[in-house]
Amino acid sequence: PELLVFSDSPWLKEAVFPCQVHVLGHSSLSSPKMWLALAKFAKSFSAKGGRLAHVFFNDSSIICPPVFYLFGIKTLISRRDMGYWYTRTNKALLNFTRLFTAGAAVNSHAVADVTCKAEGFKRSDVHVIYNGYEADSGIHNNIAELEKIRSKGRLVLTLVANIRPIKRISDVIQAISLLKQQSVLVDFVHIGEGESSELKALAQTLGIGEQVHFLGKRSDVKDCLQYMDIGLLCSESEGFSNAIVEYLRQGLPVICSDVGGNGEAVTDGETGYLYPCADVTVLANSIKILVTDEVLRKEMGRKAKHSALKRFSVEAMTGQYVSLYQSL
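K.L.:
What exactly am I supposed to notice about the packing of helix H2 (residues 32–47) against helix H3 (residues 58–70) here?
P.N.:
In a packed pair of helices, the relevant descriptors are the angle between the two axes and the axis-to-axis distance. Where H2 meets H3, the axes come as close as 10 Å, and the angle between the chain directions of the two elements is 50°. Compared by their axis directions, H2 and H3 come out oblique. Where H2 crosses over H3, the two elements pack in a sense that is right-handed. Mapping the contact onto sequence places Met-34, Trp-35, Leu-38, Ala-39, Phe-41 and Ala-42 in H2 and Ile-63, Cys-64, Val-67 and Phe-68 in H3.

K.L.:
Help me understand the pattern of salt bridges, please; the structure alone is not making it clear to me.
P.N.:
Side chains bearing opposite charge may pair, as long as their charged atoms lie close to each other. Under the definition given, this model contains 14 salt bridges. Put simply, Glu-2 and Lys-48 hold a salt bridge, and the shortest N to O gap is 2.9 Å. Here Glu-2 is found in strand S1 (residues 2–5), whereas its partner Lys-48 is found in the loop between H2 and strand S3 (52–55), with 46 residues between them in sequence. According to the relative accessible area criterion, Glu-2 is partly exposed, its value standing at 30%. Assessed through its relative accessible area of 52%, Lys-48 is described here as exposed. In this structure, Arg-154 and Asp-187 form a salt bridge, with 3.0 Å as the shortest nitrogen-oxygen distance. Taken as a pair, Arg-154 in the loop between helix H6 (144–150) and strand S7 (156–160) and Asp-187 in strand S8 (residues 187–191) lie far apart in primary sequence, 33 residues in all.

K.L.:
I would appreciate a short explanation of a nonpolar patch on the surface in the present structure.
P.N.:
There is a patch of nonpolar side chains on the surface, built from Trp-11, Phe-17, Val-21 and Val-23 and spanning about 350 Å² of accessible area. Secondary-structure assignment places Val-21 in strand S2 (residues 20–23). Assessed through its relative accessible area of 32%, Val-21 is described here as partly exposed.

K.L.:
So what exactly am I meant to see when it comes to the layout of surface pockets here?
P.N.:
A probe matching the size of a water molecule, rolled over the atoms, marks out where space remains unfilled. Quantified by volume, the largest pocket comes out at close to 1,300 Å³. Taken together, 29 residues line the largest pocket, and the ones lying closest to its centre are Glu-2, Leu-3, His-54, Val-55 and Phe-56. Elements with a contribution of two residues or more to the lining of the largest pocket: S1, H2, S3, H3 and helix H14 (314–327). Counted by class, the lining of the largest pocket contains 21 nonpolar, five polar and three charged residues. Roughly 680 Å³ of internal volume is contained in the second largest pocket. If you trace the second largest pocket, you find 23 residues lining it, with Arg-164, Lys-167, Glu-238, Phe-240 and Asn-242 closest to the centre. Looking at which element gives the most residues to the lining of the second largest pocket, the answer is helix H10 (residues 242–249), with three residues.

K.L.:
What exactly am I supposed to notice about the environment of Phe-45 here?
P.N.:
Along the chain, Phe-45 falls in helix H2. The class for Phe-45 is buried, based on a relative accessible area of 16%. Taking C-alpha positions, Phe-45 is 50 Å from Val-172, a pair spaced 127 residues apart along the chain. With near-sequence residues (within four places) excluded, Phe-45 lies in contact with Glu-2, Gly-50, Arg-51, Leu-52 and Ile-73.

K.L.:
Please explain the pairing of strand S12 (residues 272–275) as it appears in this structure.
P.N.:
Consecutive residues of a regular strand have side chains that alternate between opposite faces of the sheet. Both faces of S12 are covered, namely the face carrying Gly-272 and Leu-274 and the face carrying Tyr-273 and Tyr-275. Where strand S11 (residues 254–257) and S12 come together, four bridges link them in parallel fashion. Pairing of Val-254 across the sheet is with Gly-272, part of S12.

K.L.:
Can you help me understand the sheet that holds strand S6 (residues 126–128) in this one?
P.N.:
Strand pairing in a sheet takes place through backbone hydrogen bonds and is either antiparallel or parallel in direction. Reading across from one edge, S3-S4-S5-S6 is the order of the four strands in this open sheet, with parallel pairing throughout. Since the sheet does not close on itself, it has two edges, and those belong to S3 and S6, each with one partner. Across the sheet, the mean angle from the axis of one strand to that of its neighbour is 25°, orientation sign disregarded. Of the strand pairs in this sheet, S3 and strand S4 (residues 74–79) are connected by four bridges, and their pairing is parallel. Paired with Leu-52 across the strands is Lys-74, a residue of S4.

Rules behind the numbers
- Residues numbered from 1 in each chain as written.
- Predicted model: local features only at pLDDT ≥ 70, side-chain atom pairs only at ≥ 80, totals over all residues.
- Heavy atoms only, no water.
- Axes fitted to C-alpha atoms, helices over the stretch in contact; angles between N-to-C directions.
- Helix = DSSP H or I, 4+ residues; strand = E, 2+ residues; numbered from the N terminus.
- Parallel < 35°, antiparallel > 145°, perpendicular 65-115°, else oblique.
- Left-handed = near helix turned anticlockwise from the far one by under 90°.
- Contact = heavy atoms within 4.5 Å.
- Salt bridge = Lys/Arg side-chain N within 4 Å of Asp/Glu carboxyl O.
- Buried < 20%, exposed > 50% of the residue type's maximum accessible area, 1.4 Å probe, protein only.
- Patch = residues over 30% accessible without salt bridge, like charges linked within 9 Å, V, L, I, M, F, W, Y side chains within 5 Å.
- Areas by Shrake-Rupley, 256 points an atom, 1.4 Å probe, with all protein chains shown as cover.
- 1 Å grid on protein atoms, 1.4 Å probe; cavity = no way out; pocket = protein on both sides within 12 Å on 5 of 7 lines; lining within 4 Å.
- Points joined across faces, edges and corners; volume = space filled by probe spheres on them.
- Nonpolar A, V, L, I, M, F, W, Y, C, P; charged D, E, K, R; others polar.
- Pairing = 2+ DSSP bridges.

Pasting the structure below:
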């Protein structure tokens, strides 16, 4: 395999990437230089025996299929979200360049449905391969801030996501407020970058400021998850959530909005609960069930870990990709 990128990046310069990396040096679809540079690369790749390109992102999906097609190279595109970025123009372009592709690889059946509808693929040409994750070493570092929160003796809920309106993190804060009114006290830890001042203000207004904690962006999420009891996700849209799988692999039962591919990762009533997006009352009730029933919570966590390790391993993912590549 070889990697082609349109533009260089500090990460690619610093990382020891496990294959040869080519930088096209152009990124504007309207530039003739870009089309010529890509054609030159495709000609060279084909001459070396290259027969398949796996293309990521929408600009690449517009330009690569027709150019590679001219040199006998098949193109497989990838889609990994619910298509929030589609515009009328790029949908029209993608519906045309789809004619030069060999299919699409997606990370959930929900994403497959969106891709077929928006880009005109036949369902038989769209292949679902779930994300794979490296095995956990089992060695975790202690985190003083979380040790302190844990020492309160309350259960700890977590939500790992950058702070954006689409993630609906305020729903968790409102749910915790409802639980406090029922004398059910929990701590909530948010992990992810973004401005948290409005969410902190909301927690203070609802009288639960000391129960809500923001850790910001972290590179040690797995270490953090050892302190958690329940994983949450409240998004309005999800293709296939990496955070949910991380929760499951750490043995956490998951409560998440029933959108996108969430229902493919979480089995409702077995490894967690799905709830209607934005329904804070149902969210609070689901949390209450797991908080007050330790036996159920631990059994769901056990099933969650078993399911995730089996379904979402690197070995399972790469094996399916290799089979797909060979079939094309």
